[in-house]
Protein chains: 2
Amino acid sequence: MPKLDESLLTGLPPFSLLDRPQIREILDLSVSQRYDAGTAIFREGHDAERFYLLLDGFIRVIKTTPEGEQIIALHIAPGQLFGIAPALRRDTYPATAMTASESLALSWPVRLWDGFSAKYEGFATECYRTVGERLGEMQTRIVELATQAVEQRVAAALLRLVNQSGRRVETGIEIAFPITRQNLSDMTGSTLHTVSRLLSAWERDGIVHSTRKHIVVTAPHRLVLLSGAQG
Amino acid sequence: MPKLDESLLTGLPPFSLLDRPQIREILDLSVSQRYDAGTAIFREGHDAERFYLLLDGFIRVIKTTPEGEQIIALHIAPGQLFGIAPALRRDTYPATAMTASESLALSWPVRLWDGFSAKYEGFATECYRTVGERLGEMQTRIVELATQAVEQRVAAALLRLVNQSGRRVETGIEIAFPITRQNLSDMTGSTLHTVSRLLSAWERDGIVHSTRKHIVVTAPHRLVLLSGAQG
DNA sequence: TGCCAACTTTGCTCTGAGACAAACTTCCGG
DNA sequence: CCGGAAGTTTGTCTCAGAGCAAAGTTGGCA
């Protein structure tokens, strides 16, 4: 295992108040691991043994129903913590973390959590801020699911992806990891058929350009209108 | 204001590890207030100035869409904290808290939060446990909304209410606060018409007995079947 | 006691989007 | 370069449940 560089963590919210020796300590306690695309880092219901920081790649947080349907609760982008069950005093993971693309993550055993919180200024505060934000996102999604039509929900989901993990290309903004119609329907409580029809329609209207596992939003502002966001 | 009694807080999760003098301190810093049924204790978007503990009554936590539709995110029962924005480092309330019945709550200014966490053993831990549970509930509701039919969602909502705040009566289990068809539809992303039809059907089948603002579940086990909970 | 507002019920219509079915395309591995 | 798996598109059918409309019921208040 090559020695990790302190600059990896510098500037990331949970560690932004720390100096280099402190970051060095934290890094030395971590394990780093690479994952292929489409592998589970941990699974719902399993003992929460470690918490994670995504360095590169993208993670989907997934819940599966007893009937086998799955819905995507959340996407994690590089620089974010995930699997932070210990922060909420859970002893099992509430959902499964699956890589959307090849990924690299650091992790620590949960028993270090309380030490980190006590010892490192700002660590707990920033983590709970993250939890608060995710809670807010989840509330927003509940409201969306309860009140909006499928087209609005898919538009909103696409916009969220683009904001969180889009990168500029000549023709618009591209989602930075592979994503299928099925994935999008798992995020919105719909079906791949309906999502496919929507994307086709939007393609005709010049709002998006999509190919297999790959979406570029060419007219974000028009998507905003479709999402029903209030003006 | 009459002097409050320490026994009010004894045994409640956030304070269960504290002794009487400590509880006395906390109580002396609190303000207690009575609210009529149907009044807002705080509103979405307003500055989070205080956090609350419900002593008696019931609270609905509500989000309103820009279009004016509202959905009920959560019910709070006596003994639970609410408005705990400071725990998640938010400076505004993410939702509105409305009394479902006449209620009594204690509250403290948010600036005391960090002090409580630092000084009182178990306070922060228990609060974050609560946050974790609510997060889990919200995830469950997202999955429900995304995958289940209306009948299942309403059945599940009713069961949740009955578990959280039901009281035994001769004929079954009664929801301990006033609740309308509209409320139930606001919890499930449906309409009062559809909920009314469902309750009528269930009444015919002997599963519930309901009158205006008042529901008794007479056959909880049959509701469980309807809710699609896995057996 | 009677009125009114709030709550509930029920009928009818209409449509969004899920289910089913089948063909097509793309990419990867051998 | 071929074959097959994975992903996508499109058509048709169907129905759960929302929307609209109107009437009934209840309980609190004057």
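Provided above is the structure to which this section pertains.
Please read all numbers here as calculations on a predicted model, not as lab measurements.

A. Examining the overall build of chain A more closely. A tally of regular secondary structure across chain A gives seven helices and twelve strands. Against the globule reference of 17 Å for 231 residues, chain A gives a C-alpha radius of gyration of 19 Å, in line with a compact fold. For chain A, the spread of C-alpha atoms along the principal axes amounts to about 55 × 40 × 35 Å. Residues classed as buried in chain A amount to 51% of the 231 residues present. The long-range fraction of contacts in chain A, counting pairs at least 24 apart against all pairs at least 6 apart in sequence, stands at 69%. Summed over its atoms, the accessible surface of chain A is roughly 10600 Å², and 51% of this surface lies on carbon and sulfur atoms.

B. Representation of the relation of the copies chain A and chain B in the model. Mapping chain A onto chain B calls for a screw motion: a turn of 180° about the axis and a shift of 0.0 Å along it, with 0.0 Å RMSD after fitting. The relationship between the two copies is best expressed as a two-fold rotation axis. Take the interface residues of chain A: 100% of them recur as interface residues in chain B, which is what a same-surface contact looks like.

C. The interface of chain A and chain B, seen in detail. With 30 residues of chain A in contact, the opposing surface of chain B contributes 30 residues. Here chain A and chain B share an interface that buries about 3000 Å² over both sides, 72% of which is from carbon and sulfur atoms. Taken as a group, Met138, Gln139 and Ile142 of chain A account for 20% of the area that chain A buries against chain B, more than any other trio of residues on that side. Our count for the contact surface shared by chain A and chain B stands at zero salt bridges. Connecting chain A to chain B are two residue pairs in polar contact (both at pLDDT 80 or more). A per-element tally of the side of chain A that touches chain B places helix α3 (residues 123-147) of chain A first, with 14 residues.

D. Structural context of the sheet that holds strand β9 (residues 166-169) of chain A. Residues and elements named next belong to chain A. Sheet architecture is open: four strands sit in the order β9-β10-β12-β11, paired in antiparallel fashion. For this open sheet the edge positions go to β9 and β11 (208-211), each flanked by a neighbour on one side alone. Between one strand and the next, the sheet's axes are offset by a mean angle of 25°, whatever the strand orientation. Pairing geometry for β11 and strand β12 (residues 214-217), over four bridges, is antiparallel. Counted as the bridge partner of Val208 is Val217 from β12. Here helix α4 (residues 150-165) sits on the sheet and contacts β9, β10 (172-175), β11 and β12; the angle it forms with β10, its principal contact strand, is near 90°.

E. Spotlight on the protein's contact with DNA strand D. Not every one of the 17 residues close to DNA strand D is listed here, only the nearest: Arg181, Arg197 and Arg212 of chain A together with Val150 and Thr194 of chain B. Backbone atoms, meaning sugar and phosphate, make up 54% of the atoms of DNA strand D lying within 4 Å of the protein. One nitrogen or oxygen atom from the side chain of His193 of chain A is found 3.1 Å from a base oxygen belonging to DNA strand D. Contact distances for DNA strand D include 3.2 Å between a phosphate oxygen and a side-chain N or O atom of Thr191 of chain B. When grouped by side-chain class, the residues that make up the surface near DNA strand D number three nonpolar, eight polar and six charged.

F. Layout of the state of the cysteines. Taken as a whole and assessed by the stated rule, the structure comprises zero disulfides over all chains. No disulfide involves Cys127 of chain A; its sulfur sits 17 Å from that of Cys127 of chain B, the nearest cysteine. Judged by relative accessible area, which is 1%, Cys127 of chain B ranks as buried.

G. Geometry of the protein's contact with DNA strand C. Around DNA strand C, the structure places 17 residues, and the nearest of them are Val150 and Ser190 of chain A together with Arg181, Ser196 and Arg212 of chain B. In DNA strand C, atoms within 4 Å of the protein come from the sugar-phosphate backbone in 58% of cases. Ser196 of chain B has a polar side-chain atom sitting 2.8 Å from a phosphate oxygen of DNA strand C. Here a base oxygen of DNA strand C and a side-chain polar atom of Arg197 of chain B are 2.9 Å apart. Sorting the residues of the surface near DNA strand C by element identifies α6 (192-204) of chain A together with α6 (192-204) of chain B as the ones contributing at least two each.

H. Summary view of the side chain of Thr99 of chain A. Residue and element names in this part refer to chain A. Position of Thr99 relative to the elements: it lies in strand β7 (residues 96-99). At 2.7 Å, the side chain of Thr99 and the backbone oxygen of Asp36 are in polar contact. Apart from the residues lying within four places of it in its own chain, the contact partners of Thr99 are Tyr35, Asp36, Ala37, Gly38, Thr39, Ile41, Phe58 and Ile59.

I. View of the side chain of Ser107 of chain B. Residue and element names in this part refer to chain B. Position of Ser107 relative to the elements: it lies in strand β8 (residues 103-109). Its relative accessible area of 6% is what places Ser107 among the buried residues. A distance of 2.7 Å separates a polar atom in the side chain of Ser107 from a polar atom in the side chain of Arg50. The residues touching Ser107, leaving out its near neighbours within four places in the chain, are Leu29, Ser30, Val31, Arg50, Phe51 and Tyr52.

J. Highlighting the environment of Leu226 of chain A. Residues and elements named next belong to chain A. As for its placement among the helices and strands, Leu226 is situated in helix α7 (residues 220-226). Exposure remark for Leu226: the relative accessible area of 24% places this residue in the partly exposed category. Sequence separation between Leu226 and Glu144 is 82 residues, and the spatial gap between their C-alpha atoms is 13 Å. Not counting residues within four places of it along the chain, the set of residues in contact with Leu226 comprises Glu151, Gln152, Ala155, Trp202 and Ile207.

K. Region of interest: the packing of aromatic side chains. All names here are of chain A. Per the stated rule, a full pass over the model turns up 29 aromatic pairs over all chains. Their ring planes at 20° and their centres at 5.2 Å tell us that Tyr52 and Phe82 sit as a pair that is stacked. Here Tyr52 is found in strand β3 (residues 50-56), whereas its partner Phe82 is found in strand β6 (residues 81-82), with 30 residues between them in sequence. Comparing Tyr52 with Phe82 shows no difference in burial state: the two are buried. Here the aromatic residues Phe15, Phe51, Trp108, Trp113, Phe116, Tyr120 and Phe123 are joined through ring pairs into a cluster of three or more.

L. Quick look at the packing of α4 of chain A against helix α5 (residues 181-188) of chain A. All names here are of chain A. Direction vectors running N to C along α4 and α5 enclose 105°, while the axes themselves pass 9 Å from each other. Relative to α5, the element α4 is oriented roughly perpendicular. Contact with α4, carried on its side by Arg153, Val154, Ala157, Leu158 and Leu161, involves Leu184, Met187 and Thr188 of α5 and no other residues of that element. In terms of residue class, the contact of α4 with α5 is built from six nonpolar, one polar and one charged.

Reading the values: rules and limits
Residues numbered from 1 in each chain as written. Chains lettered and ligands numbered in written order. Predicted model: local features only at pLDDT ≥ 70, side-chain atom pairs only at ≥ 80, totals over all residues. Heavy atoms only, no water. Helix = DSSP H or I, 4+ residues; strand = E, 2+ residues; numbered from the N terminus. Rg over C-alpha atoms; globule rule 2.2 N^0.38 Å. Buried < 20%, exposed > 50% of the residue type's maximum accessible area, 1.4 Å probe, protein only. Contact = heavy atoms within 4.5 Å. Areas by Shrake-Rupley, 256 points an atom, 1.4 Å probe, with all protein chains shown as cover. Least-squares fit on C-alpha atoms with pLDDT ≥ 70 in both. Buried area = accessible area lost by both parts, 1.4 Å probe. Salt bridge = Lys/Arg side-chain N within 4 Å of Asp/Glu carboxyl O. Polar contact = N/O pair within 3.5 Å; in protein donor to acceptor, adjacent residues only side chain to side chain. Pairing = 2+ DSSP bridges. Axes fitted to C-alpha atoms, helices over the stretch in contact; angles between N-to-C directions. Near = heavy atom within 4 Å. Nonpolar A, V, L, I, M, F, W, Y, C, P; charged D, E, K, R; others polar. Disulfide = S-S within 2.5 Å. Phe/Tyr/Trp six-rings, centres within 6.5 Å; stacked < 30°, edge-to-face > 60°. Parallel < 35°, antiparallel > 145°, perpendicular 65-115°, else oblique.

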